[in-house]
Amino acid sequence: MKKNVMALSIAAMIGGLGFAGVASADVVVGTDAGPQTATTYAGKIIAKPTAAALAVTAGGVGHALVVPYFNAQNGNMTVLHITNTDQTNGKVAKVRFRSASNSDDLLDFQVFLSPGDVWTAAVTADANGLAQITTADNTCTVPALTTQSFNNSTSRLPGYLTEAQRTALTREGYVEVFNVADITALKAFDTNGALNAAGPNRSPLYTATKHVSGVAPCSVAGSTARSTLNAAAIADYTTEAQVAAAGLDSPTGGLMGDWYIINVPQTTVFSGAATAIAANTAGGVNGVANFRHFAQLGNALVTLNANGADGVTADPLFRALNVFDATGAAVAAATLPMLNYDAPDLSTPFFGAANSANTLAQATSLLSALAVKSVTNQYALDASITAKTDWVFSMPARRYNVAANYAAVTGTSGATGPTSSNAKYRLFTDLNASATQAGEWFYPAVNGAVYATGGGTYKAGGNTTVDTNGNICVYADGQKFFDREETSATAGPVFSPGTASSVAFCGEVSVLAFSDTGNSVLGASVARSTITSGIYTNGWGVIDTTNAAQGLPLLGNSFIKLTNPQAGVGVSGTYGISWPHRYTK
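The structure displayed is predicted, hence computed values, not measured ones. (Residues numbered from 1 in each chain as written. Predicted model: local features only at pLDDT ≥ 70, side-chain atom pairs only at ≥ 80, totals over all residues. Heavy atoms only, no water.)

## Focus: the overall build of the protein
Scanning the protein from N- to C-terminus turns up six helices and 35 strands. For the protein, with 585 residues in total, the buried portion stands at 58%. Of the contacts formed within the protein by residues at least 6 apart in sequence, a portion of 72% connects residues at least 24 apart. Counting every atom, the protein has about 21000 Å² of accessible surface; 56% of that belongs to carbon and sulfur. (Helix = DSSP H or I, 4+ residues; strand = E, 2+ residues; numbered from the N terminus. Buried < 20%, exposed > 50% of the residue type's maximum accessible area, 1.4 Å probe, protein only. Contact = heavy atoms within 4.5 Å. Areas by Shrake-Rupley, 256 points an atom, 1.4 Å probe, with all protein chains shown as cover.)

## Topic: the pattern of salt bridges
One pass over the full model with this rule turns up 13 salt bridges. Among the salt bridges present, the one from R98 reaches E176, with a minimum N-O distance of 3.0 Å. Taken together, the positions of R98 in strand 5 (residues 90-99) and E176 in strand 11 (residues 172-183) put the pair 78 residues apart, joining distant regions of the chain. When the shortest N-O distance is used, the salt bridge between R399 and D104 registers 3.4 Å. Here R399 is found in the loop between strand 19 (388-394) and strand 20 (402-404), whereas its partner D104 is found in the loop between strand 5 and strand 6 (105-113), with 295 residues between them in sequence. Residue classification places R399 among the buried positions, given a relative accessible area of 4%. You can call D104 buried: its relative accessible area is 3%. Overlapping salt bridges, with partners in common, bring together R96, R98, D105 and E176 in one network. (Salt bridge = Lys/Arg side-chain N within 4 Å of Asp/Glu carboxyl O.)

## Thoughts on the pairing of strand 5
On a regular strand, one side chain projects to one face of the sheet and the next to the other, so that they alternate. Most of strand 5 sits out of view: 10 of its 10 residues are buried. Residue alternation in strand 5 divides its side chains into two sets, G90, V92, K94, R96 and R98 and K91, A93, V95, F97 and S99, and both sets are buried. Summarising the sheet, strand 5 and strand 11 pair through 10 bridges and their orientation is antiparallel. Within the sheet, the bridge partner assigned to V95 lies in strand 11 and is V177. Of the pairings in the sheet, the one linking strand 5 to strand 6 comprises eight bridges and is antiparallel in character. Each bridged residue has a counterpart across the sheet, and for F97 the counterpart in strand 6 is L107. (Pairing = 2+ DSSP bridges.)

## What about the state of the cysteines?
Per the stated rule, a full pass over the model turns up two disulfides. One disulfide in the model links C473 with C506; its S-S distance is 2.1 Å. Linking C473 and C506, the disulfide has an S-S dihedral of approximately 110 degrees and is accordingly described as right-handed. With C473 in strand 25 (residues 472-475) and C506 in strand 28 (residues 504-506), this residue pair connects regions lying 33 residues apart in the sequence. In the protein, the bonded cysteines, numbered by position in the sequence, are linked as 1-2, 3-4. (Disulfide = S-S within 2.5 Å.)

## A look at the environment of V29
Along the polypeptide, V29 turns up in the loop between helix 1 (3-17) and strand 1 (53-56). Separated by 20 residues in the primary sequence, V29 and P49 have C-alpha atoms spaced 6.9 Å apart. Excluding anything up to four places from it in sequence, V29 contacts P49, E240, N290, G352 and A353.

## Comments concerning the confidence of the model for the protein
Low-pLDDT stretches of the model should not have their predicted coordinates read in fine detail. Mean pLDDT over the protein stands at 87; residues scoring 70 or higher make up 85%. Contacts from residues 1-21, a stretch scored under 50 in pLDDT, to residues over four places away or in other chains number 32 contacts. Across residues 447-460, where pLDDT falls below 50, the model places 38 contacts with residues more than four positions away in sequence or in other chains. (pLDDT = per-residue confidence, 0-100.)

## Description of the side chain of R226
Counting through the fold element by element, R226 comes out in helix 4 (residues 224-234). This buried residue, R226, is left without a salt bridge; D137 holds the nearest opposite charge, at 11 Å. With near-sequence residues (within four places) excluded, R226 lies in contact with C140, T141, V142, P143, A144, C218 and V220. (Lys, Arg positive; Asp, Glu negative; His and termini not counted.)

## As for the packing of aromatic side chains
In this structure the tally under the stated criterion is 20 aromatic pairs. Ring geometry for F109 versus W119: centroids 5.7 Å apart, planes at 65 degrees, classification edge-to-face. Remark: W119 occurs in strand 7 (residues 118-125) and F109 occurs in strand 6; sequence separation between them is 10 residues. The class of F109 is buried, set by a relative accessible area of 0%. Pairwise contacts between aromatic rings join Y379, W391, F393, F481, F505 and F514 into one cluster. One residue, R292, lies across the ring of F350, its end atom 3.8 Å from the ring centre. (Phe/Tyr/Trp six-rings, centres within 6.5 Å; stacked < 30°, edge-to-face > 60°. Lys NZ or Arg CZ within 6 Å of the ring centre and 35° of its normal.)

Laid out in structure tokens, this is it:
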């Protein structure tokens, strides 16, 4: 089942609820300074945003989460845990799975977490090799999920590939989770702000999602609670009054995430925590963000802000403003139509009005928060314990500066294919129109010459290319590897494919395998390179990602697999270690 089938099921649901017409949606900026209580409530007003900047939180709790890698290759299963640490308010969370290749949307839906709730799900490969999500959790989602295959249609993945090749692109990627709204625990009020004494003690949505004896009422198919949930998920909220009347409020964060990759036949497990991004106040503490709920529908997004989709996203494929190709030529119209379920994303303003300038500022804030100037970790290749190592590099914010335009490809090779010579294949969002490339993390080289675009002049020698698989690549400035006795090689390692002398981050999530041309640790295939020579048996390494003083927005881990040769028959002897990368800013 693919996303178009999900869209049909949602359309049927809409018809059953009596909804019709074209949806209009936008970010709603609250104005109430609060605090609201059970007896004092403005009724038509939601909480005023207090956030001023985005930051990666050391404590792992925030307004947005990024699971840097999921993998359903070679018998792997990825399990997700999303926790609402807020014990008072519920959370509406948008969950989106993106491909490792070029961050294309594979599957997205909404999760309605009650106070203190945890939602869990597993990603595996189905019988046809397509990634699928499975959950038996009582927490309610829209659409309702039990098992759902990912999207491999040509609407978002490359149409020039075969279906089998597109299917492979679904089995690796990363996950975004956003707190788009709070489900308020306040008592129900009417639209005039008066306590509705004749009504329920809580809003219908809060009651529908709050677990009773371990079961959320909305999980019962055909129930009134389920209808309430469906209506909330596909509604357009354009005013504070509409938001408040639905029992919703501005998001305050509180999301925590964990993941693990397990391979049962190989008795190996890797685990880690999701990276949390918080919308903080100017004082650096957790703040209130904008209400950013959009209808979970597959029809065209119609926004109320003057900039249209440009006021909602910095994604260059959805924008018509501040977008240029690899020659510096301006792109006059959006490459892809933005649909309702495409919003929000990580560049949709967490604070400030929904307009083009704020989406660009938000993307800049996000890229700055994630940017690092070096990446350090360990590796192990000891043959006596069959040690293997993969390093994963995830760039979840790259999409808001450069994206792959598959519509530019009319063939699979040569100038019309997904190559660096195809000027229309890489589209760039001009984030700040500065006088140099400063503020742009990814930029093209144009025949070795300086070029101008969007009011800014960018230097020659850009940092992006395209590999033979159509993945957009950016290169490290260098790397240095050591053994465990402080020795460093005088000759650098060689990376395949090809004979590159620097680490290439090809794809939105790339995997670097150490001296293993086979399945390696993770069985990665979407965006993989291999160190073929010039590495020690065990040690550590540091990769220089200075990138003209900008850094690169990188997350990831070292995955090490070991085997105990002394393990007897019937005894598990395979072990997995996952260490997060260490960084300098």
